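Each chain, written out:
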Amino acid sequence: MALLEFTKISKHFGGLQVIKDFTFEVNQGEIVSIIGPNGAGKTTVFNLITGIYTPDEGDIRFEGKSLLGLEPHQICQRGIARTFQLLRLFLNMSVRENVMSAAYPRTHSNLAQIIFRTPGFRKEEDRIRTLAEEKLGFFGNRLNGTFDQPVYSLPYANRRQVEMARAMATEPKILLLDEPAAGMNPNETQEITQLIGELRARGGYTILVIEHDMQVVEGISDRVIALDYGEKIAEGTYHDVATNERVIEAYLGRQHATRAK
Amino acid sequence: MSASQLSLSGRMSGVIERWNALPIATRFFGLLVAAATIPFLTSNDYVIRIAGNVCLFAALAVALNVVVGYAGLLDLGFIAFYGIGAYLYAILSSDQFGIHWPSWLTLPFIALLGVVFGLLLGSPSLRLLGDYLAIVTLGFGLVFAQLALTLDRVELPWQEGVVINVTGGTNGIVKLDPLSLFGFQLSNVTHYFYALLIWLGIVLIIVHHLNQSRMGRAWRSMGEDALAAETMGMPTRRLKLLAFSCGAAIAGVTGAIFAAWQQSVFPQNFSTDVLITLYAMMVLGGISNLGGAALGAVVLSVVPELLRSPELARAIFYATLTLGLLLFSKPRRNGPIILISVIILGFLLRWIVQAAAPDLLTPPTIKVAAESISSAFDRASQQFGILVQGWILFLKDPLLPGNIAFVILIPALLGLSRMKAGVLKLILTIPAIYLLIFVWETRFAAEPAVTRLLLVGGLLVVLMIFRPNGLLGKRKIEIV
């Protein structure tokens, strides 16, 4: 049984069909990339999985149990965490607090314990503080010494890593990364490619990633799914998909596709 | 001059730095103890009453901060919770229904009902955000105000002809029992000041602890980006209700203490004006900063009181003007230049008018009445007033010229603020400042009662221009 099963999902907004009869699955320990031109519906897939949108048809199952009807925070508690394409960090909170905030579902102190600062509360607080530092530590030197700074003072590339650390702090089984290399320079892109590999190797996460940068996709993916106008047009290894005629057509237009042939 | 200024401001910032370096508990208890000495420094009930008011408003502003500052919910019905607490106390501790509950029972009960009302307002508003939430909560506040006014004649549907007076309408509920806690009955202003100070301390500790916990982090996350918070596993609906309830419980108990202190409740104690004042305090202090909310309460409770006395108002005006010029002029040396030029300009104008049309002028209106002078400060400020009125063009018939000057002043100041720095701006600033003083002396100083709130408003505008995030705020909004 696959970890995440996305079965025959359709979704439309008004007259616009964004996802059409789309089926795929992600197995435990895999890194799967979703590629496709702008507006293909990639981010919508993430929004459907995380419960921000409800599908018109079809079923989404995680560890064999349906996610339909659950609220986003419940889905997160099941073990699915994501990052956002345009970053949605809590800008006025410190780096550490951003990551600690995501430990909310894994903590249980009640109001009375918090107000009276009971030993149990302090212990829990220490635990998630260590957890946050551990997750931030994953990114090596980049974030060192910035833990107490507000996020708005951080450069873009570092913010991306804070957002990843935040997602990791929810202790997910699968990480959904929405264009982790967007807006990065070649060096940083290189770095992120390595990092995603390490996330699986050291962190043990299963990863579903949306990415535009084909170098990144090539570097990380076990499997690639290509999406165009909400429909799956190809699936397979990077090589299979990158040479697929329909994929080239979707990216470059029909003329190029025939020429490439 | 500028060297001594620099060292002064350097020393100031050194003190502030050292203060900020202290642990938060030390700072908190230090301020609390300092505030607790107020009744020992003065036996003037009026001063202690203002201090009590500061504590009351600070507690409310801190509670409002949980809802608006942390959780990001624009709650305009907040004042209703304060009112509900006060009215509940009145009903449970007066002859209105002949109920006289002991305080140790009433206060927790009101806190509990605050939670219930918080949920009541919160539940239908769960799906609302921003402006929409503001409108619904504003409606809630108005409904409360209407009910307080009209629930003096409630007819029971099952008992004909029986009319029950619940809230007392415009007459309110009077002759409330005083608070009585741990066998100690609160009977005078000083007692209530200490009760409110202790309550403010408790509120600050509770809210600070909440803020530094999973709950506070979740609230602030939600305030920053509700969707991201929800996606990161935080149950935003429950968190919203919790924020509403926390704010409501604190506001309710504060209202109860207020009612007991005043020994009466009236609908106008809970009007929209009070709500706006509270918001002003919170914004002035710096949203989502607890010390800021308390500081805002201090400034906005104390300043309007200070401005009640014309002498004090004058002292504040000139002190602010001089300090403002000296500290904020760029480059620094412009401050003294402007100041001296304005003084010279004043003498020059007066000399000209004296020579040309001496009939227009009038001697200073301030009369030195020996028996009314109580302190060195009063004497000095009166002397200063006479000096100023002998310097500026103090006209026999100041009303019309004052009004005209006022109308010219506003566009002049606006124009100046848009000008590029340079010699021209420097030169034009001089008559503008003179005009400002002229307007002050002819219009404002003459009618402190009328212009008091105008001045508070002006002060707010100036403070918010210099510190757009509030006095202690550090928040930054980034548009992506």
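Predicted model only: the values in this text are computed from it and were never measured. (Residues numbered from 1 in each chain as written. Chains lettered and ligands numbered in written order. Predicted model: local features only at pLDDT ≥ 70, side-chain atom pairs only at ≥ 80, totals over all residues. Heavy atoms only, no water.)

## With respect to the nonpolar core
Our working rule: We define a nonpolar core as any set of buried Ala, Val, Leu, Ile, Met, Phe, Trp, Tyr and Cys residues linked to one another through side-chain atoms lying within 4.5 Å. Each residue gets one of three labels from its accessible area relative to the maximum for its type: buried under 20%, exposed over 50%, partly exposed in between, using a 1.4 Å probe on protein chains only. Helix and strand assignments come from DSSP, with helices taken as H or I runs of at least 4 residues and strands as E runs of at least 2, each series counted from the N terminus.
Ranked by internal contacts, the top residues of the largest apolar core, which has 168 residues, are Leu 175 and Ile 207 of chain A together with Phe 78, Trp 219, Phe 270, Leu 278 and Ile 437 of chain B. Examining the composition of this core, we find that 16 residues originate from one element, helix α4 (residues 45-70) of chain B, more than from any other.

## Things to note about the sheet that holds strand β6 (residues 80-82) of chain A
All names here are of chain A. Selection rule: For two strands to be treated as a pair, DSSP must find no fewer than two bridges joining them. Lines fitted to C-alpha atoms define the axes, with helix axes restricted to the stretch in contact, and inter-axis angles between N-to-C directions lie between 0 and 180 degrees. By the convention used here, residues are in contact when the closest approach between their heavy atoms is within 4.5 Å.
The strand order across the open sheet built from 6 strands is β6-β7-β8-β3-β9-β10, with neighbouring strands paired in mixed fashion. Two strands in the sheet have a free side with no partner beyond their single neighbour: β6 and β10 (231-236). The average angle at which neighbouring strand axes cross in this sheet is 20°, direction not considered. In this structure, β6 lies alongside strand β7 (residues 174-178), joined through 3 bridges in parallel fashion. Within β7, the residue paired with Arg 82 across the bridge is Leu 176. Along the sheet, helix α1 (residues 42-49) contacts β3 (31-35), β6, β7, β8 (206-210) and β9 (223-228); its crossing angle with β8, the most-contacted strand, is approximately 140°.

## Observations concerning the interface of chain B and chain A
Our working definition: By definition, the buried area sums, over both parts, the 1.4 Å-probe accessible area that each loses when the two are put together. By definition here, a salt bridge exists when the distance from a side-chain nitrogen of Lys or Arg to a carboxyl oxygen of Asp or Glu is within 4 Å. Here a polar contact is recorded for every N or O atom pair within 3.5 Å, except that within protein the pair must consist of a potential hydrogen donor and a potential acceptor, and residues adjacent in sequence are included only if both atoms are side-chain atoms. Asp, Glu, Lys and Arg are counted as charged, while Ala, Val, Leu, Ile, Met, Phe, Trp, Tyr, Cys and Pro are counted as nonpolar; the rest, among them Gly, fall into the polar class.
On the chain A side, the residues contacting the 30 residues of chain B number 36 residues. On the chain B side of the contact with chain A, Arg 214, Arg 217 and Met 232 of chain B bury the most area, a combined 25% of that side's loss. Our count for the contact surface shared by chain B and chain A stands at 4 salt bridges. The residue Glu 97 of chain A makes a salt bridge to Arg 220 of chain B at a minimum N-O spacing of 2.8 Å. Counting every contact that joins chain B to chain A gives 11 residue pairs in polar contact (both at pLDDT 80 or more). Of all elements in the fold, only α8 (189-211), α9 (214-224), α10 (226-231) and α11 (236-262) of chain B reach the threshold of two or more residues within the side of chain B that touches chain A. Looking at which element gives the most residues to the side of chain B that touches chain A, the answer is α9 of chain B, with 7 residues. Within the side of chain B that touches chain A, the residues separate by chemical class into 12 nonpolar, 7 polar and 11 charged.

## What about the side chain of Thr 254 of chain B?
Residues and elements named next belong to chain B. Among the secondary structure elements, Thr 254 is positioned in helix α11. Within the local environment of Thr 254, its side chain forms a polar contact with the backbone oxygen of Ile 250, the two atoms lying 2.7 Å apart. Beyond its immediate sequence surroundings of up to four residues, Thr 254 is in contact with Leu 56, Ala 59, Leu 60, Tyr 82 and Trp 199.

## A word on the pattern of salt bridges
Where side chains of opposite charge bring their charged atoms close, a pairing between them can arise. Residues and elements named next belong to chain A. Here the structure, examined in full by the defined rule, presents 21 salt bridges over all chains. Put simply, Lys 173 and Glu 63 hold a salt bridge, and the shortest N to O gap is 3.3 Å. With Lys 173 in the loop between α6 (156-169) and β7 and Glu 63 in the loop between β4 (57-62) and β5 (65-66), this residue pair connects regions lying 110 residues apart in the sequence. Of the residues examined, Lys 173 reaches a relative accessible area of 36% and is grouped as partly exposed. Salt-bridge contacts for Arg 96 lead to Glu 133; the nearest nitrogen and oxygen are separated by 2.1 Å.

## Regarding the domain arrangement of chain A
Note on interface size: it is often stated as the accessible area lost on association of the parts. Residue and element names in this part refer to chain A. The criterion, for reference: What counts as a domain boundary in this text is fixed by an automatic or database domain assignment.
The domain boundaries assigned to chain A delineate domain 1 (1-79 + 173-188 + 212-261) and domain 2 (89-171). Its C-alpha centre places domain 1 at a distance of 29 Å from the equivalent point of domain 2. Contacts between the two partners involve 12 residues from domain 1 and, on the opposite side, 11 residues from domain 2. Between domain 1 and domain 2 lies a buried interface of about 830 Å² when both sides are counted; carbon and sulfur atoms form 65% of it. Taken together, domain 1 and domain 2 are joined by 1 salt bridge. Close ionic contact of Arg 142 with Glu 188 constitutes a salt bridge, the shortest N to O distance being 3.7 Å. If you list the elements that add at least two residues to the side of domain 1 that touches domain 2, you get α2 (72-78) and β7. Per element, the largest residue contribution to the side of domain 1 that touches domain 2 is 3 residues, and it comes from β7.

## Examining a nonpolar patch on the surface
Residue and element names in this part refer to chain B. The line we're drawing: Each patch is assembled from residues with relative accessible area greater than 30% and no salt bridge, linking like charges that lie within 9 Å and nonpolar side chains (Val, Leu, Ile, Met, Phe, Trp, Tyr) that lie within 5 Å. Here the open area of atoms and residues is found with the Shrake-Rupley method and a 1.4 Å probe, where only the protein chains shown may cover a residue.
On the surface, Leu 323, Leu 327, Phe 328, Val 462 and Phe 466 cluster together to form a nonpolar patch covering roughly 480 Å² of accessible area. Elements that contribute at least two residues to the nonpolar patch include exactly α14 (310-328) and α19 (448-466). In terms of residue count, the dominant contributor to the nonpolar patch is α14 (3 residues).

## Quick word on the sheet that holds strand β1 (residues 4-13) of chain A
Residues and elements named next belong to chain A. Read across the sheet, 4 strands follow the order β2-β1-β4-β5 without closing on themselves; strand pairing throughout is antiparallel. One side of each edge strand has no neighbouring strand; the edge strands of this open sheet are β2 (16-26) and β5. Direction of pairing for β1 relative to β4: antiparallel, over a ladder of 5 bridges. Bridging from a neighbouring strand, Ser 10 pairs with Glu 57 of β4.

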